[in-house]
Amino acid sequence: MQIGICYGKCKESFLKNYRPLRNKLVLESEETIMRKGLKKIVAFVLTAAMTMSVGMPAFAMDSNFEKNITIEEYEAALNAEAQKYGCSYEITEYNSGVIITSAMLEKGIEKVKYLAENTTVEVAESWVEENSARVIPVEKTVKGGMDISYPTGATYIEITSEVTVDEQNGAVISVNSTEIEPEYMSVNLDSWQTKSYSYSINSPQIGWISYHVIGKLGYTLAGDLIGTAVFYKDVDKVVNIDCFK
């Protein structure tokens, strides 16, 4: 009898203690699942945040990519720079396979500045090509010109004058004809244009001719990445020729 009573009490005690323990185990399992789910959500949010933080600089970098320049914009910009120095720039052949970037445009502008600053025009010495006997009047051929140098070559612009002079008094009577042409040995010369010229006889002193020449020189820039271009330099020079040298 005592054993049955003890068993009954033990069973009752077991059942009382078992159910709360089971409920506790169940609650702990649900809590564990919720924690795992929360960890996944947090991990997802952190991953998304990291992706966005990494992606934003990449997007900002994309917005700073160099802008492509059209050949028309490139030529216009370089020509505008050349005009600051009394020059001009023209592309005669374009390599369509080349993509022009803003960095290439900056280099092109620097190149134009270099060309303008390194294209020089100097007056050359004059000389008498033909001289007849010392009679009055005398017709002769006299010459003078300009030495022009540039980064890709050089040329000589020659002034040839047929004149009549007074040999006895050493004075110029008249200028009969004038030709202004580049020398045939010019290097990388594209063109020469004589826009205008004027002269004064017996100036700057007796026996001299003073020419004021206005022209335009063009020289080629072959081998450029963009293609082939011509750089133009305006020439405005006074050339004095001694007719009795």
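Values in this document were obtained by computation on a predicted structure and should not be read as measured data.

### Observations regarding a negative patch on the surface
- Residues Glu139, Glu162, Glu179 and Glu181 make up a contiguous surface patch of negative charge.
- Within the element layout of this structure, Glu162 appears in strand S6 (residues 153–166).

### Regarding helix H2 (residues 71–83)
- With 13 residues, H2 extends 18 Å between its outermost C-alpha atoms, agreeing within 8% with the 18 Å of an ideal straight helix rising 1.5 Å per residue.
- Turning to H2, its buried residues are Ile71, Tyr74, Leu78, Asn79, Glu81 and Ala82. All buried residues of H2 fall inside an arc of 160 degrees around its axis, so they share one side. Facing away from the buried side of H2 by over 90 degrees, the exposed positions are Glu72 and Gln83.
- Where H2 is buried, its residues contact strand S1 (68–69), strand S2 (87–94), strand S3 (100–101), helix H3 (102–117) and strand S10 (227–242).

### Describing the sheet that holds S2
- The four strands are arranged S2-S10-S9-S8 in an open sheet whose pairing can be described as antiparallel. The open sheet has two edge strands with one neighbour each: S2 and strand S8 (189–201). Neighbour-to-neighbour, the strand axes of the sheet open up by a mean angle of 20 degrees, direction not taken into account.
- In the packing of H2 onto the sheet, the strands contacted are S2 and S10, and the crossing angle to S2 comes to about 155 degrees.
- Strands in contact with H3 are S2, strand S9 (208–221) and S10; relative to S10, the strand with the most contacts, it is inclined by about 20 degrees.

What counts and what doesn't
Residues numbered from 1 in each chain as written. Predicted model: local features only at pLDDT ≥ 70, side-chain atom pairs only at ≥ 80, totals over all residues. Heavy atoms only, no water. Patch = residues over 30% accessible without salt bridge, like charges linked within 9 Å, V, L, I, M, F, W, Y side chains within 5 Å. Areas by Shrake-Rupley, 256 points an atom, 1.4 Å probe, with all protein chains shown as cover. Salt bridge = Lys/Arg side-chain N within 4 Å of Asp/Glu carboxyl O. Lys, Arg positive; Asp, Glu negative; His and termini not counted. Charge placed at Lys NZ, Arg CZ, Asp CG, Glu CD. Helix = DSSP H or I, 4+ residues; strand = E, 2+ residues; numbered from the N terminus. Expected span 1.5 Å × (residues − 1). Buried < 20%, exposed > 50% of the residue type's maximum accessible area, 1.4 Å probe, protein only. Arc of directions from axis to C-beta. Contact = heavy atoms within 4.5 Å. Pairing = 2+ DSSP bridges. Axes fitted to C-alpha atoms, helices over the stretch in contact; angles between N-to-C directions.

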